[in-house]
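Structural description and commentary
Residues per chain, in single letters:
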Amino acid sequence: VQLQASGGGLVQAGGSLRLSCAASGSIFSINAMGWYRQTPGKQRELVAAVTSGGSTNYADSVKGRFTISRDNAKNTVYLQMNSLKPEDTAVYYCNFIAAGKVDYWGQGTEVTVSS
């Protein structure tokens, strides 16, 4: 099973991007789906997560600007990013946690926000 992330790119400050992450192959019982981001020299940080029941959690820095959603039928998670800021520049990684706490990671998609 692999996670394929897409949707990153270069955008001006104030713009929007929508990230997608889909699983190839079947994953039994995905509990949580999330997005993390990482910049050089820093630890990977949680941006947003959504549980199987639809509960969401956001980093304080993105609350009100980013929205996470999931399509269980397609094993896909999305991250709608609005009002982007230069400090949102990072490589974004998707993460699925399946039954038995099995962890899956996507390959990363780069987001660059210019000022």
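Residues numbered from 1 in each chain as written. Predicted model: local features only at pLDDT ≥ 70, side-chain atom pairs only at ≥ 80, totals over all residues. Heavy atoms only, no water.

Describing the side chain of Ser 20
Tracing the backbone shows Ser 20 in strand S3 (residues 17-24). For Ser 20, the residues in contact, after removing those within four places along its chain, are Gln 4, Ala 5, Ser 6, Trp 35, Val 77 and Tyr 78. (Helix = DSSP H or I, 4+ residues; strand = E, 2+ residues; numbered from the N terminus. Contact = heavy atoms within 4.5 Å.)

Observations regarding the packing of aromatic side chains
What characterises a pair of aromatic rings is the spacing of the ring centres plus the angle enclosed by the ring planes. Tallied over the entire structure, the rule returns one aromatic pair. In this structure, Arg 18 is placed above the aromatic ring of Tyr 78, and the distance from its NZ or CZ to the ring centre is 4.1 Å. Here Arg 44 stacks its cationic end above the ring of Trp 105, 4.8 Å away from the centre of that ring. (Phe/Tyr/Trp six-rings, centres within 6.5 Å; stacked < 30°, edge-to-face > 60°. Lys NZ or Arg CZ within 6 Å of the ring centre and 35° of its normal.)

Quick word on the nonpolar core
Ranked by internal contacts, the top residues of the largest apolar core, which has 30 residues, are Trp 35, Val 77, Leu 79, Met 81, Tyr 92 and Phe 96. Elements that contribute at least two residues to this core include exactly strand S1 (2-6), S3, strand S4 (30-38), strand S5 (45-51), strand S7 (66-71), strand S8 (76-81), strand S9 (90-98) and strand S11 (109-114). Sequence-distant contacts of Val 77, defined by excluding residues within four places in its chain, comprise Leu 19, Ser 20, Cys 21, Met 33, Trp 35, Val 50, Ile 68, Ser 69, Arg 70, Cys 94 and Phe 96. (Core = buried A, V, L, I, M, F, W, Y, C linked by side-chain atoms within 4.5 Å. Buried < 20%, exposed > 50% of the residue type's maximum accessible area, 1.4 Å probe, protein only.)

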